[in-house]
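Each chain, written out:
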Amino acid sequence: MASIYPFRAFRYNPEKAGAPLDQLVTQPYDKITPAVQERYYKISPYNLVRVLLGKKEPGDNGQNAYTRAAAHMQEWTKEGILAPDPAPALYVYFQEYTVPGTKQRRVRKGFIALGRIEDYAARIVHRHEQTHTGPKKDRLELLRHTRSHFGQLFMIYSDPAGEVDKVLNKVARREKPQEVRDEYDVAHRLWRVDDAATIERIQQLMADKKLIIADGHHRYETALAYRDQCRARAGATILDAPHEKVMMTFINMEGSGVTILPTHRLVADLPGFDFARFRQAASSTFDWYAYPLSEDKDKQRTLARLLRDLAERGAQRPTFAVCSAGEAAYYLFLLKVNADLSQELPEASPQQRKLDLVVLHKLLLESCLGMDEESIRQQKNIRYVREWEEAVAAVENGAAQMAFLVNPTRLEQVRDVALSGEVLPQKSTDFYPKLLSGLTIYRLDHP
């Protein structure tokens, strides 16, 4: 049973901050590059980045960024920059955006609430990717110092009939939302809901749902570790305690607004790399087709044809577009129709064999290029990029030896792998757009 709770969110008061909300909230911490961090620092002294991902300063001993974050929270609360809502509430949260690379507009609909932190073994919350120690250690220190959650975990659930969305739509029609537009031209709209009947209806509808972490695995496992530490200190499990819950945004996976973008692979600095030898090795399990640049003086037209075929052929079987340094053509690699993946990938489960990226990593990166699983995990010779233009440019300017352009992982594949208790390869999903941090803040000392 998924347990959902209203809470008194701390929210920005733009008037007190002397800045509009779009200058105060941020992208999730793991999307904040040094350049983005610098920009956030400049636009407002109250931008959340100072708490979420503060700069290190000369003389820091590794903890000062966290103590400064806690001091900012205390100061901003005292000044009224951040203030709690008057009563516990849920928050309807819609995002209107353009799908990157298209002109298509979509609206992703969800709501923000607290969710009970569950062990994976309980099979209520399911993951789909592995986590790493470094980010969890960093987020745990921030949580210990601030006793606050600043960004929502992105949770998806199945509701084919859209019963929860019907309730959310009803709320959205009632009144004008708080709205902020981010740097990617995504419109974020928020409605506060504190009437008991609506909250109870959503809780009832969510009670039988299984939850899948779409985005925020490190933060979920940080909350899980902190919960366990608090239980150990108390010598008891108190289910109503604030540390037993974490802030989540819940989104129906059958809704029309869910988008997963592909994450392309770049290979660089691989010793002894030879594309002809790679192509020969791949020919035992892949058909390949060349898209000669000499036949079409318009490179963009050739790329457009390559990408169109990647999408169309990829709907039938694992397919990858390949660019390689020094080649006078682009290539399309398609898994042979008669390939027996149970023989080629005996260690992979039936669910994993359906994943393009498992096929790419195991049969092309490992078997044909000689990369091992650990080096891929450590990103020794591999880099990940969202935009295909960036991937192609990296090959052309010598920053990469090869680029593998891929199709996005399908949502039903994420669901099936997660519910089976397995995980996807690294960087398999890029849910777009991201959920803004700072729209609502869950302070454990002020539940």
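Everything discussed here concerns the structure shown above.
Residues numbered from 1 in each chain as written. Predicted model: local features only at pLDDT ≥ 70, side-chain atom pairs only at ≥ 80, totals over all residues. Heavy atoms only, no water.

> What's the story with the pairing of strand 8 (residues 153-157) in this structure? I'm lost.
Regular strands place their side chains on alternate faces of the sheet. Taking burial as the measure, the five residues of strand 8 include five buried ones, the bulk of the element. In strand 8, alternate side chains face the same way, and those of Leu153, Met155 and Tyr157 on one face and Phe154 and Ile156 on the other are all buried. As defined by bridge partners, strand 8 adjoins strand 12 (residues 245-252) across five bridges and the pair is classed as parallel. The residue bridging Leu153 from the neighbouring strand is Met248, located in strand 12. Bridging between strand 8 and strand 11 (residues 211-215) involves three bridges; their strand directions are antiparallel. When the sheet's bridge partners are listed, Met155 is paired in strand 11 with Ile213. (Buried < 20%, exposed > 50% of the residue type's maximum accessible area, 1.4 Å probe, protein only. Helix = DSSP H or I, 4+ residues; strand = E, 2+ residues; numbered from the N terminus. Pairing = 2+ DSSP bridges.)

> Could you clarify how one ought to interpret helix 5 (residues 133-146) in this entry?
Taking 1.5 Å per residue, 14 residues should reach 20 Å; helix 5 reaches 20 Å between its end C-alpha atoms and fits that length. Taken residue by residue, helix 5 has Arg139, Leu140, Glu141, Leu142, Leu143 and Thr146 as its buried positions. Buried positions along helix 5 lie against helix 3 (49-52), helix 4 (64-79), strand 7 (148-149) and helix 8 (217-234). One or two steps after helix 5, the chain reaches Arg147, where phi turns positive at roughly 50°. (Expected span 1.5 Å × (residues − 1). Contact = heavy atoms within 4.5 Å.)

> I keep staring at the packing of helix 10 (residues 299-314) against helix 15 (residues 388-396) and nothing clicks. Help me out?
Packed helix pairs are specified by the crossing angle of their axes together with the interaxial distance, meaning the distance between the axes. Relative orientation of the contacting elements helix 10 and helix 15 amounts to 125°, with a least axis distance of 13 Å. One element, helix 10, and the other, helix 15, form an angle in the oblique class. Handedness of the helix 10/helix 15 crossing: right-handed. Contacts from Lys299, Gln300, Leu303 and Leu307 of helix 10 reach helix 15 at Trp388, Val392 and Glu396. When its residues are assigned to classes, the contact of helix 10 with helix 15 shows four nonpolar, one polar and two charged. (Axes fitted to C-alpha atoms, helices over the stretch in contact; angles between N-to-C directions. Parallel < 35°, antiparallel > 145°, perpendicular 65-115°, else oblique. Left-handed = near helix turned anticlockwise from the far one by under 90°. Nonpolar A, V, L, I, M, F, W, Y, C, P; charged D, E, K, R; others polar.)

> I would appreciate a short explanation of the environment of Tyr331 in the present structure.
Relative to the helices and strands, Tyr331 is located in strand 17 (residues 329-335). Considering only alpha carbons, one finds Tyr331 and Tyr289, 42 residues apart in sequence, at a separation of 5.5 Å. Residue contacts for Tyr331: discarding those within four places in its chain leaves Phe275, Arg279, Trp288, Tyr289, Ala290, Tyr291, Leu306, Phe320, Ala321 and Val322. A distance of 2.8 Å separates polar atoms of two side chains, one belonging to Tyr331 and the other to Glu327. (Polar contact = N/O pair within 3.5 Å; in protein donor to acceptor, adjacent residues only side chain to side chain.)

> Help me understand the side chain of Thr198, please; the structure alone is not making it clear to me.
By the secondary structure assignment, Thr198 is in helix 7 (residues 196-206). A residue is classified by how much of its surface remains accessible, and Thr198, at 11% relative accessible area, is buried. Once you skip the residues sitting within four places of it in the chain, Thr198 turns out to touch Val167, Val171, Arg174 and Val193.

> Which parts of the structure should I look at to understand the pairing of strand 14 (residues 264-267)?
Neither face of strand 14 is exposed, since His264 and Leu266 on one face and Arg265 and Val267 on the opposite face are all buried. As paired strands, strand 14 and strand 18 (residues 382-385) are joined by four bridges and run antiparallel to one another. When the sheet's bridge partners are listed, His264 is paired in strand 18 with Val385. Sheet topology places strand 14 next to strand 19 (residues 402-405); three bridges connect them, and they run antiparallel. Directly across from Leu266, in strand 19, lies its bridge partner Ala403.

> Just checking my understanding: could you explain the nonpolar core for this structure?
One finds Tyr12, Phe278, Phe286, Leu364, Leu365, Leu369 and Phe404 to be the most contacted residues of the largest nonpolar core, which totals 92 residues. Here the element with the most residues in this core is helix 13 (residues 356-366); it accounts for seven residues. Each residue touching Tyr12, except ones within four places of it in the same chain, is listed here: Leu21, Leu24, Val25, Tyr46, Asn47, Leu48, Trp76, Ile81, Leu82 and Gly438. Counting residues in each nonpolar core, the second largest holds 32 residues, with Val92, Ile124, Val246 and Phe250 among its members. (Core = buried A, V, L, I, M, F, W, Y, C linked by side-chain atoms within 4.5 Å.)

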